[in-house]
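Structural overview for review
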Amino acid sequence: MADHILDFDVNGENRRLLVTDQRTLLEVLREDLVLTGTKHGCDVGECGACTVLVDDRPVLSCLVIARQVEGSSVRTVEGLAIDGAPDLLQEAFAELGAAQCGYCTPGMLLSARALLDDNPEPTTDEIREGLAGNLCRCTGYIKIFEAVELAASRDHDR
Amino acid sequence: MSGAFSVVGERLPRVDAMDQTMGKTQYVDDMTLPGMLVGRHLTSIHAHARILSIDTSRAEALVGVHAVITGADLPITYGILPISQDEHALAVGRVRYVGEPVAAVAAINPEIAEQALALIDVSYEPLDEVVTLEQALETDHPMLHGDGLGQNVHRSAALEFGDVEEGFARADYVREDVFFFGGNTHAALETHVALASYSQTGKLTLWSSTQVPHYVHRTLEKVLELPAGRIRVIATAIGGGFGGKTDPFSHELTAAKLSMVTGRPVKINLSREEVFYAHRGRHPVLMWVKTGFENNGQITSMHFKTFLDGGAYSSYGVASLYYTGALQTTTYRIPNYRFEGLRVFTNKPPCGPKRGHGTPQPRFGLECHLDKAAADLGLDPVTIRQVNAVEPFSTTVNHLRITSCALVECIDKVVEASDFTVKRGRLPSGRGVGLAVGAYMSGAGLPIYFNDMPQSEVQIKIDRGGGVTVYSMATDIGQGSTTMLATVVAEALGLEPRDINMVIADTDLTPVDLGSYSSRVTFMAGNAAVTAGAKIRSRVVQAVADELGVDPAQVVTKGGRVGVSGDLDRCVTWAEAVRLAIAATGPLVESGGYTAPKLAGTFRGAGVGISPAYSYSACVVEVDCAADTGLVKVERVWLAHDIGRALNPLLTEGQVEGGVYMGLGEALYEEHTFRGGLHRGPSLLDYKIPTALDMPPVETFLVESDDPEGPLGAKEVGQGPLLPVIPAVANAIHDALGVRIDEVPITPQKIVAALRNVSRGRPGRIGPETIPDFEFSRLTRVEPPEGFVTP
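About the criteria used
Residues numbered from 1 in each chain as written. Chains lettered and ligands numbered in written order. Predicted model: local features only at pLDDT ≥ 70, side-chain atom pairs only at ≥ 80, totals over all residues. Heavy atoms only, no water. Pairing = 2+ DSSP bridges. Helix = DSSP H or I, 4+ residues; strand = E, 2+ residues; numbered from the N terminus. Axes fitted to C-alpha atoms, helices over the stretch in contact; angles between N-to-C directions. Contact = heavy atoms within 4.5 Å. Patch = residues over 30% accessible without salt bridge, like charges linked within 9 Å, V, L, I, M, F, W, Y side chains within 5 Å. Areas by Shrake-Rupley, 256 points an atom, 1.4 Å probe, with all protein chains shown as cover. Salt bridge = Lys/Arg side-chain N within 4 Å of Asp/Glu carboxyl O. Lys, Arg positive; Asp, Glu negative; His and termini not counted. Charge placed at Lys NZ, Arg CZ, Asp CG, Glu CD. Domains from an automatic or database assignment. Buried area = accessible area lost by both parts, 1.4 Å probe. Polar contact = N/O pair within 3.5 Å; in protein donor to acceptor, adjacent residues only side chain to side chain. Nonpolar A, V, L, I, M, F, W, Y, C, P; charged D, E, K, R; others polar. Buried < 20%, exposed > 50% of the residue type's maximum accessible area, 1.4 Å probe, protein only.

A word on the sheet that holds strand E24 (residues 571-573) of chain B. Residue and element names in this part refer to chain B. An order of E22-E23-E24 is seen for the 3 strands of this open sheet, with the pairing classed as antiparallel. Looking at which strands have only one partner, the edges of the open sheet turn out to be strand E22 (555-558) and E24. For this sheet the average axis-to-axis angle between neighbouring strands, irrespective of direction, equals 20°. Relative to strand E23 (residues 561-564), E22 is paired through 4 bridges, and the arrangement is antiparallel. Residue pairing for E23: Val555 is matched across the bridge by Val564. Sitting on the sheet, helix H16 (residues 574-585) touches E23 and E24, and the angle it makes with E24 is about 95°.

In structure tokens:
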């Protein structure tokens, strides 16, 4: 097991740390950088709770070997707000009750952010497709769909 | 009526919603303490085996390992129910299911902890496995709890209310059916996590993702032999529960013990696979129901038998057993009723309470059975339910007191909104609609252990600056109990819910609430908060009335001000009002408690099913089924729920939608299945829960029946809405394809098999044919309650 210097950006800030071969991005974020907003629900890529953006694309951070993000830019739920102002999705999720226990919420928000960045006015079916990899056990997804639609419409009106 | 409220009835977000969406909510696994060690469990690879020896010496010698413990270190048994204390934190002498914890280690990191587990040498002598209900009833297998060979019966129940045979004798039509409900599990997104820290002063603190800090506190006291006052249990934010975090669990005890042994904090985070073994989910239930009807559909008599496959330990099993027979009478007037139930032990993970605890299984059977009877009687599904619907403020034959009840209104709402009567039997082939109803308790009427103390206590403390802090042990598992408490207190004091500081679920700081189970929190903690809030309000109002020289009856608390009703200029700010009250009458600290009325009859089993109020639900499901593949697409769900009063319609709607979601998963996809004693798929890939692609639109109707004893009229919503969903799906599939799948989950294979039966001229039914020939002994005959009127 060798150690490597990992140099990457997290939420707009440069980070350099020593990681082993097997260290996952999820472990680096939660344990080394104490960015505990990103959750783990299964550690094997089945639940979506650990979703973060790597170079604006959603990935399951429990399945990403940390060294793979060398030189990349990673965004977690802590980095969704811009200059302290919450993302439209964060406000809409809160406002419409899209979070109950809240455990899937960070991953869900990152998947939704990637979806809206790619497709600013998605249909409900496109939202379903975009969030299909993120399991939620509380809400039945309905208020999540509504929140994504609300955030998209507010973004459009802005 | 809702015009009388200022924040109650508003669609306000959870008080912690922005923390949740900003990623700031702290769950146990987000915590780190200085010097913290990682704990891991070694689990059984056998479904049933004697433990001949455990050698931990190689593991203990590994550098980085700080402690290894086994069952010998935690010899005291425990269990959630006082009558069935049959669990050990780590197996002692015998393992009874694959995945049962056998030893625990604490090490400096996960890698070394895993290596240490591999160095523990356990010598097993495999025993004959008992994995099915049938095997459990045979006499030539080892008894799981006890020595030698014999039946593995945990508990049986046999109760008769009224005269069932007389009821059948006067029936125009009698029907029998057999159903099976597959076992399934909670699968909360957060796995179970516990962090324990034992201080130099001999104080143990445990942070845990538990729904029941009070019961965990009691269990730690018993098993660790520490005084209760030296133990502090804190339930942090909880990433979903659904009943899956309602028992005391091994890892809570082993983390605590490892911390006591090592003198360092220890965190144990169960893997997703271990959560499937910790289980306590829905019991598989085989059931038989026989009902007598008059020609107009009125029920004359019912006999219900249930057979529960309980898994390896008791857990809530005795309660689960009685629940499979208790609530049939809460929706339909059944003048004569016999319930016989049996729970067996098998070498599988223990079953327990999952959303609806023991009632979704019989509800599925009953609602399908009623549809079949209606068809034979030439009645439609709506009529047979209306004819039998219980009356508000009545008593059931099995001694359950019904108060507010809007069952008929709920049926009317969904039938009308869905065009059920127009659609049923008339949609194109493959499409169909189904109707079902359900009822659930607003809290179990009795605490788990016998006592006469309040079931919930709430304290409110007011700061001199006007800050309001509410203390409650009620755990917010996502259902919104913290927001509910803030809302009722804010309503009393004329503030906003977000103005209220909430201190929750900490046995050192908060007064007892029994926990988030049996849908009890809104009713019980809510009532305690209403009482405490009214006391604070009354003192503040009196002080302001004295200051302004008016009658207290004229003073209102609204919008952060306290003043004269209708005269906006004559008021003081909330903060000033508080200072006046403290100056006049001393510290502004008040408490409220809630104790449910004494409702239990005197017969054995009378404690299960009683509740201060019942919620009611009705559901219509529309499906589109592919006859060639058996795939079912749920097109839409209509659900009406009698909630008494929606304290926050946004959050209560969310509970309905979540209940519908979980019900659909149980109806169509989810099942715990085993090959021998081995779980077939202990992962979220193999255990299929519905995704965003599977969820249909849901139309929710909140019906407000204003319960006389509910907090501001409210009743439960967390569990009830799930109940009618599962049979409504089954009834819709029958309407769509003409086949009856009398067991859940209703998989495509079963539908295709039923259709194949039809094409071969056989009945289009898939489901169990018979029940075990078990002789229920000691039938308890109970007279109907005084004043019970036979319909």
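Turning next to a negative patch on the surface. Residues Asp128, Glu129, Glu134, Glu138 and Asp140 of chain B make up a contiguous surface patch of negative charge. Counting through the fold element by element, Asp128 of chain B comes out in the loop between strand E6 (121-126) and helix H4 (133-137).

This next bit is on the domain arrangement of chain B. Residues and elements named next belong to chain B. Examined at the domain level, chain B breaks down into domain 1 (2-24 + 453-594), domain 2 (31-127 + 189-240 + 245-278) and domain 3 (285-446 + 601-780). The distance between the C-alpha centroids of domain 1 and domain 3 comes to 37 Å. Each partner contributes residues to the interface: domain 1 has 29 residues there, and domain 3 has 28 residues. For the pairing of domain 1 and domain 3, the buried interface totals around 2100 Å² over both sides, and the portion due to carbon and sulfur atoms is 62%. The largest share of the area that domain 1 buries against domain 3 comes from Arg11, Ser519 and Phe523, three residues that together contribute 31% of it.

Turning to the environment of Ala581 of chain B, a few remarks are in order. Residue and element names in this part refer to chain B. Take Ala581: it is sitting in helix H16. Separated by 471 residues in the primary sequence, Ala581 and Pro110 place their C-alpha atoms 55 Å from one another. Beyond its immediate stretch of four places on either side in the chain, Ala581 contacts Arg539, Val540, Ala543, Gly586 and Leu588.

All names here are of chain B. Position of Asn347 relative to the elements: it lies in the loop between strand E15 (337-344) and helix H10 (360-377). A polar contact of 3.0 Å, which involves the side chain of Asn347, links it to the backbone oxygen of Arg96. Every residue in contact with Asn347, bar those within four places of it in the chain, is listed here: Ala47, His48, Arg96, Tyr97, Asp128, Glu129, Val130, Val131, Leu144 and Gly677.

By a widely used convention, the size of an interface equals the accessible area lost when the partners come together. Chain A puts 43 residues into the contact, and the matching count from chain B is 51 residues. Taking both partners together, chain A and chain B bury about 3700 Å²; carbon and sulfur atoms supply 59% of that area. Applying the counting rule to chain A against chain B returns 6 salt bridges. Put simply, Lys39 of chain A and Asp30 of chain B hold a salt bridge, and the shortest N to O gap is 2.5 Å. Joining chain A to chain B, the criterion identifies 26 residue pairs in polar contact (both at pLDDT 80 or more). Looking at the side of chain A that touches chain B, the elements with two or more residues in it are helix H2 (88-95), helix H3 (105-118), helix H4 (124-130) and helix H5 (142-157) of chain A. Looking at the side of chain A that touches chain B, the element that brings in the most residues is H2 of chain A, giving 5 residues. A breakdown of the residues in the side of chain A that touches chain B according to their chemical character gives 22 nonpolar, 11 polar and 10 charged.

In this section: unusual backbone geometry. All names here are of chain B. The peptide bond linking Val744 to Pro745 adopts the cis configuration, its omega dihedral lying at 0°. The residue Pro745 is located in the loop between strand E32 (743-744) and helix H19 (748-759) in this model. Although it is not a glycine, Ala187 adopts a positive phi angle of roughly 55°. Within the secondary structure layout, Ala187 lies in the loop between strand E8 (173-181) and strand E9 (193-198). With relative accessibility at 6%, the residue Ala187 sits in the buried group. One non-glycine residue, Arg280, lies in the positive phi region at around 65°. Counting through the fold element by element, Arg280 comes out in the loop between helix H8 (272-278) and strand E13 (285-293). Here Arg280 falls in the buried class, since its relative accessible area comes to 4%.

Within H2 of chain A, 6 of the 8 residues are buried, which leaves the element mostly enclosed by the surrounding structure. Considered for burial, the residues of H2 of chain A that qualify are Leu88, Leu89, Gln90, Ala92, Phe93 and Ala94 of chain A. Buried residues in H2 of chain A make contact with H3 and H5 of chain A together with helix H1 (17-21) of chain B. Put simply, Asp87 of chain A is the residue that caps the front of H2 of chain A, since its side-chain oxygen is 2.8 Å from the backbone nitrogen of Leu89 of chain A. One or two steps after H2 of chain A, the chain reaches Gly97 of chain A, where phi turns positive at roughly 70°.

Residue and element names in this part refer to chain A. Read across the sheet, 5 strands follow the order E2-E1-E5-E3-E4 without closing on themselves; strand pairing throughout is mixed. If you trace the sheet from one side to the other, it starts and ends with strand E2 (13-20) and strand E4 (57-60), each paired once. Taken pair by pair, the neighbouring strands of this sheet meet at an average axis angle of 40°, ignoring direction. Where strand E1 (residues 3-10) meets E2, 8 bridges bridge the pair, whose relative direction is antiparallel. Paired with Asp3 across the two strands is Thr20, which belongs to E2. Along the sheet face, helix H1 (residues 25-32) touches E1, E2, strand E3 (51-54) and strand E5 (73-75) and points at about 75° away from the line of E1. The strands that H3 touches are E3, E4 and E5; relative to E3, the one it contacts most, it runs at about 40°.

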